[in-house]
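Chain and residue survey
Chain residues, written in single-letter form:
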Amino acid sequence: VDYSSPNLAKEMHVGHLRSTIIGDAIARILEALGHEVIRQNHVGDWGTQFGMLIAYLDESGEGSEELADLETFYRASKRRFDTDEAFAERARQRVVALQAGEPETRALWQRFIEISLSHCQETYDRLDVTLTRKDVMAESAYNDDLASVVEDLKAKGLLTTSDGAECVFLDEFTGKDGTPQPLIVRKSDGGYLYATTDLAAVRYRVRALDADRALYSTDARQAFHFRQIFAVAAAAGFTGNRISLEHQPFGAMLGRDGKPFKTRDGGVVKLNDLLDEAVSRAATLVAEKSPDLSEAERAEIARVVGVGAVKYADLSKNRTSDYVFDWDQMLSFDGNTAPYLQYAYSRIQSIFRRGEVNADQLSGAVELGTAEERVLAVILLRLQEVLEQVAREGFPHLLCAWLYELATAFMRFYEACPILNTEAPVRASRLNLCRIT
Ligand code: ARG
């Protein structure tokens, strides 16, 4: 599962939220079903912008406060690049040196990547996303494969030189007006591209990882890119006709005005700021609802509700459509939201607590004496089917819809059927139904 995969030149922003959350859900579900899942965080750590960043790191030093915030660091170095010709020249030299493997430049680059990756890891940990450093398979890891990818394409007779660039033209790829759309694999200056790296990645996933399926979680604007990559990889024989390559695209995150989600002054929303806001909004709600909890308890609940709300809002929508990011909706205690599910879950826990029941020790047959119990049981029995569908099609919202149905059916059961205050055999059966739910 290829997901998250941010560009390390900048701080993670909301554009990576969907890939990170959806990809992680898919990876977890596949794993839960017993598949061997290999996570691939295909981070962007290569390209000309790193020359600029290295030059800036060199002059500002590692202690630079700007580094605490990569967005600031990036903007400051870009400003230097645009206004200071001597700096711009140093930046260009750094690109050359980086590509040539010059040790001092490599070391600076490595430092920068290290810092950027640790920023990412903080966000993953905050989101409770399972990605770790060992899942990073950066673009630069394929550098040594790129020349041979182009050679392989050439050997297959797939290459055409156009204006000095090496291109693959396949009949199925034409623009709106019928003009052929090439996949460029080497620029006229000899440089390789995002596409070349993705071809190398397909080859690696087939040959080294021996994967049966490769799932790519990116926004829908990359759909054409992946169609081309998959077709060219197949034509070149990289796929061995065995691996199933699947792009699982998602739509954009929109503000309440229906336009792309931005800060008030039109800037990109950093993921960490977004999560801060989620937690602080949830804290306000918790303070209203449960003022007598201790401060530490309220803070923990705010974290769980706030981060959960953001993740669930994303997962519960059909990923292929754009979705409106709406704080009030996602933090509502009614409807298909994280707080509603968390509420249903805590209801169950409180039954066990009040009845002094150890849920792990509940077992035995379940008697479905009422319509509410039957409905609940039938929904529970569908879990496997739903999981398998999500694993096959990559739509986590199907699981969310099921969870919502389950929570609603549980609430009906809870209202209609006494649990703790009923005769022993029925009590045991109903408690067991609570445990299973
Ligand atoms: N770094 C890319 C971006 O931020 C996403 C990479 C997705 N994975 C891939 N194999 N191309 O848009």
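For the structure itself, consult the block above.
Quick word on the packing of aromatic side chains
Scanning all chains against the criterion turns up 15 aromatic pairs. With 4.9 Å between their ring centres and 85° between their planes, Phe-325 and Trp-327 make a pair best called edge-to-face. The two residues Phe-325 and Trp-327 agree in class, both being buried. With a centroid separation of 5.6 Å and an interplanar angle of 70°, the aromatic rings of Tyr-340 and Tyr-404 are classed as edge-to-face. One end of the pair, Tyr-340, is in helix H12 (residues 338-354); the other, Tyr-404, is in helix H15 (residues 396-416), and 64 residues separate them in sequence. A residue is classified by how much of its surface remains accessible, and Tyr-340, at 12% relative accessible area, is buried.

Observations concerning the site of the ligand
Residues in contact with the ligand, as listed here, are Asp-2, Ser-5, His-16, His-42, Tyr-194, Asp-198, Tyr-216, Thr-218, Gln-222 and Phe-226. A distance of 2.7 Å is found between a nitrogen atom of the ligand and a side-chain nitrogen or oxygen belonging to Asp-198. Within the side chain of Gln-222, an N or O atom sits 3.1 Å from an oxygen atom of the ligand. Taken by itself the ligand offers 350 Å² of open surface, and the protein chains cover 84% of this. Its residues assigned to classes, the shell around the ligand comprises 3 nonpolar, 5 polar and 2 charged.

Quick notes on the environment of Gln-49
By the secondary structure assignment, Gln-49 is in helix H2 (residues 49-60). Along the backbone, Gln-49 and Asp-69 are 20 residues apart, and their C-alpha atoms lie at a distance of 17 Å. Aside from chain neighbours lying at most four places away, what touches Gln-49 is Asn-7, Ala-9 and Tyr-74.

The rules behind these values
- Residues numbered from 1 in each chain as written.
- Predicted model: local features only at pLDDT ≥ 70, side-chain atom pairs only at ≥ 80, totals over all residues.
- Heavy atoms only, no water.
- Phe/Tyr/Trp six-rings, centres within 6.5 Å; stacked < 30°, edge-to-face > 60°.
- Buried < 20%, exposed > 50% of the residue type's maximum accessible area, 1.4 Å probe, protein only.
- Helix = DSSP H or I, 4+ residues; strand = E, 2+ residues; numbered from the N terminus.
- Near = heavy atom within 4 Å.
- Polar contact = N/O pair within 3.5 Å; in protein donor to acceptor, adjacent residues only side chain to side chain.
- Areas by Shrake-Rupley, 256 points an atom, 1.4 Å probe, with all protein chains shown as cover.
- Nonpolar A, V, L, I, M, F, W, Y, C, P; charged D, E, K, R; others polar.
- Contact = heavy atoms within 4.5 Å.

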